[in-house]
Amino acid sequence: MIHITHKKRFILAGSLVLVSGLCALFFFAAPRIRYEAATMAESSEILNNPYCGFYHLYGYLLSEEGKKPAQQWCENMLANDSQSILLLQINLRNYSDKPISSSALDQLDTILSTFSGAQKQLIVRFLYDWDGHALQTEPATQDQILSHMKQVAPVVNRYSSHVFLLQGIFTGNCGEMNQTHYGDREHLSLFMETLASVISTDIFLSVRTPQHLRTITGTRTPLDGSQAYTGSLPARLGLYNDGMLGDVYDCGTYDDTPFAGTSDPAEKGTRSEEIQFQNQLCLYVPNGGEAVLDNPYNDLDRAIQDLRQMHVSYLSADHDASVLDKWKASQYQGTPNDPFDGVNGYDYIAAHLGYRYVVRNSWVTGTKGFHPRPALHITLENTGFSPAYRSFDTEILLQNTASGEKISLPAAFNNRTLLPDKPQTLSVPIDIKSVSEGSWQLSLSMTDRSTGISIRFANGGQSSEKEVVCGQFSIK
């Protein structure tokens, strides 16, 4: 049995009073935080963010003319192009039987430098044919093509911050890998492996069909999250489909019979099988191309469904005019609360190509009593057709509404994991000791790590060119 003396009881009681007093002192003396979240809603604005959207196509024939014509050509193209992304087709037919000259490589450098300097993101396709005569214009030997790949690589790599992806392996009619001397399995693998070895791992590569891709990777199993963004060839290899939505087969992209029981990766599947393959694959690598030939498969509702399943991030603004005009004349029918209800189909698709980030809500925890490390939480949703495939830097921005003082808080957030229609919440601790008393506006900002371009959010009036206002908090 334990006996407590009167003296010990007095000391214990005094200690409890002291601790209680200190706790009360801390409670009432601690900074008081009040957070008021802004009302967040999605707008129907077309954002024109990096690496996605409608693009214009520009073709240039390398020759011995020198750099000045190339510079003038670029300036003429840029004068009328407001899109963030564009496709450059670089024709090498003048060098089919010889190395690319230093003069021609200087032209290529001028072109990539000028478009990069204008903050354009570039899709680049090297080819030997624009007219459906690849069998006549391609080099007679594989070594000549491999040599050309190695020659252009250092120039392309200098602009890896703005060159988003390369289409194809230099072969085929219009660079589409068909009607070529080099379409067998061995050449497909040799050419793509060579290209991957000389082109910066920051740049994606792409092939014309899922069949081409599986032939090169050697598997029917699409890329998954555990393999993505590792720099390997499979992790960089996407698709470009210039027969998109053209008919049930996408103009030869798909087959009329299902996959057989064999495991041959070079086999084509049906439309539904191949779209399901893309639905998984293109969560991690880009997909885009041209919508062609007015037909029921590119009627608006069906087109939106397939573009979303294929995770398409870029489409031609030039072809096919009959399809694009049909979309412009169509009207998207959404729910009464859908910001796109009644918007024409072309604008709906333009707004959803690629990623589209919306802040849904925000809140702060740890605002009651003594709490030295409250945290901000922001829920983001991607309502676009695809993820973003390059990394963005994320920051929380605080600005004192009276003094204008600004504080930036980096947020550890991998934007590439923000998949379509799967909201995520990012959380950032706030060190109250570093924030003075007063009223603060709280905003979210994202910046493309490669180009330094600010990412726009789809929150309408709450969003500016560089940030989206999430709320306001006061410290007393």
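The structure displayed is predicted, hence computed values, not measured ones.

Some points on the packing of aromatic side chains
Line of reasoning, step 1. Evaluated as defined, the whole model comprises 17 aromatic pairs.
Line of reasoning, step 2. Ring centres 6.1 Å apart and planes at 80° place the aromatic pair Trp73 and Phe115 in the edge-to-face group. With a gap of 42 residues between them, Trp73 in helix H2 (residues 67-78) and Phe115 in helix H3 (residues 102-117) connect regions that are remote in the sequence.
Line of reasoning, step 3. Here Phe115 falls in the buried class, since its relative accessible area comes to 0%.
Line of reasoning, step 4. Arranged with centres 4.1 Å apart and planes meeting at 20°, the rings of Tyr332 and Tyr348 form a pair that is stacked. Of this pair, Tyr332 sits in the loop between helix H11 (321-329) and helix H12 (345-352) while Tyr348 sits in helix H12, and the two are 16 residues apart along the sequence.
Line of reasoning, step 5. With relative accessibility at 14%, the residue Tyr332 sits in the buried group.

Some details on the nonpolar core
Line of reasoning, step 1. Among the nonpolar cores identified, the biggest contains 105 residues, and Leu88, Ile90, Leu380, Ile396 and Leu444 are the most heavily contacted of them.
Line of reasoning, step 2. Here this core gets seven residues from one element, more than from any other, and that element is helix H5 (residues 142-158).
Line of reasoning, step 3. Ignoring sequence-local partners within four residues, the contact set of Leu88 consists of Tyr58, Trp73, Ile111, Leu112, Phe115, Leu122, Ile123, Val124 and Arg125.
Line of reasoning, step 4. Residues Leu245, Ile275, Leu315 and Trp327 belong to the second largest nonpolar core, which totals 27 residues.

Comments concerning the sheet that holds strand S8 (residues 287-291)
Line of reasoning, step 1. Read around the closed barrel, eight strands run S2-S3-S4-S5-S6-S7-S8-S9, paired in parallel fashion. Direction aside, the axes of adjacent strands within the sheet are offset by 30° on average.
Line of reasoning, step 2. Sheet topology places strand S2 (residues 53-61) next to strand S3 (residues 85-91); six bridges connect them, and they run parallel. Pairing of Leu57 across the sheet is with Leu87, part of S3.
Line of reasoning, step 3. Sitting on the sheet, H3 is in contact with S2, S3 and strand S4 (121-127), with an inclination near 175° to S3.

A few points about the pattern of salt bridges
Line of reasoning, step 1. Across all of its chains, the model carries 19 salt bridges by this definition.
Line of reasoning, step 2. In this structure, the salt-bridge partner of Asp109 is Arg158, at a minimum N-O distance of 2.9 Å. Here Arg158 lies in helix H5 and Asp109 lies in helix H3, a separation of 49 residues in the sequence.
Line of reasoning, step 3. Taking relative accessible area as the criterion, Arg158 reaches 52% and is therefore assigned exposed.
Line of reasoning, step 4. As a salt-bridge pair, Asp294 and Lys326 come within 2.7 Å of each other at their nearest N and O atoms. Of this pair, Asp294 sits in the loop between S8 and helix H10 (300-309) while Lys326 is found in helix H11, placing the two residues 32 residues apart along the sequence.
Line of reasoning, step 5. Overall, the relative accessible area of 15% leaves Lys326 in the buried class.
Line of reasoning, step 6. Connected through salt bridges with shared partners, the residues Glu42, Arg356, Arg360 and Glu381 form a single ionic network.

A word on the confidence of the model for the protein chain
Line of reasoning, step 1. Averaged over the protein chain, the pLDDT score is 93; the fraction of residues at 70 or greater is 92%.
Line of reasoning, step 2. Below pLDDT 50 for its whole length, residues 21-29 participates in four contacts with residues either more than four positions away or in separate chains.

Points about the side chain of Asn241
Line of reasoning, step 1. Relative to the helices and strands, Asn241 is located in strand S7 (residues 237-244).
Line of reasoning, step 2. A polar contact of 3.2 Å, which involves the side chain of Asn241, links it to the side chain of Arg208.
Line of reasoning, step 3. Looking at Asn241, its side chain comes within polar contact range of the main-chain nitrogen of Gly243, at 2.9 Å.
Line of reasoning, step 4. Residue contacts for Asn241: discarding those within four places in its chain leaves Arg208, Asp250, Thr253, Tyr254, Gly288, Gly289 and Glu290.

Observations concerning unusual backbone geometry
Line of reasoning, step 1. With an omega of -5°, the peptide bond between His319 and Asp320 qualifies as cis.
Line of reasoning, step 2. Of note, Asp320 is situated in the loop between strand S9 (314-316) and H11.
Line of reasoning, step 3. Even without glycine at this site, Asn48 takes up a positive phi of about 60°.
Line of reasoning, step 4. Take Asn48: its relative accessible area is 41%, and that puts it in the partly exposed class.
Line of reasoning, step 5. Despite not being glycine, Gln179 shows a phi value in the positive range, around 50°.

What counts and what doesn't
- Residues numbered from 1 in each chain as written.
- Predicted model: local features only at pLDDT ≥ 70, side-chain atom pairs only at ≥ 80, totals over all residues.
- Heavy atoms only, no water.
- Phe/Tyr/Trp six-rings, centres within 6.5 Å; stacked < 30°, edge-to-face > 60°.
- Helix = DSSP H or I, 4+ residues; strand = E, 2+ residues; numbered from the N terminus.
- Buried < 20%, exposed > 50% of the residue type's maximum accessible area, 1.4 Å probe, protein only.
- Core = buried A, V, L, I, M, F, W, Y, C linked by side-chain atoms within 4.5 Å.
- Contact = heavy atoms within 4.5 Å.
- Pairing = 2+ DSSP bridges.
- Axes fitted to C-alpha atoms, helices over the stretch in contact; angles between N-to-C directions.
- Salt bridge = Lys/Arg side-chain N within 4 Å of Asp/Glu carboxyl O.
- pLDDT = per-residue confidence, 0-100.
- Polar contact = N/O pair within 3.5 Å; in protein donor to acceptor, adjacent residues only side chain to side chain.

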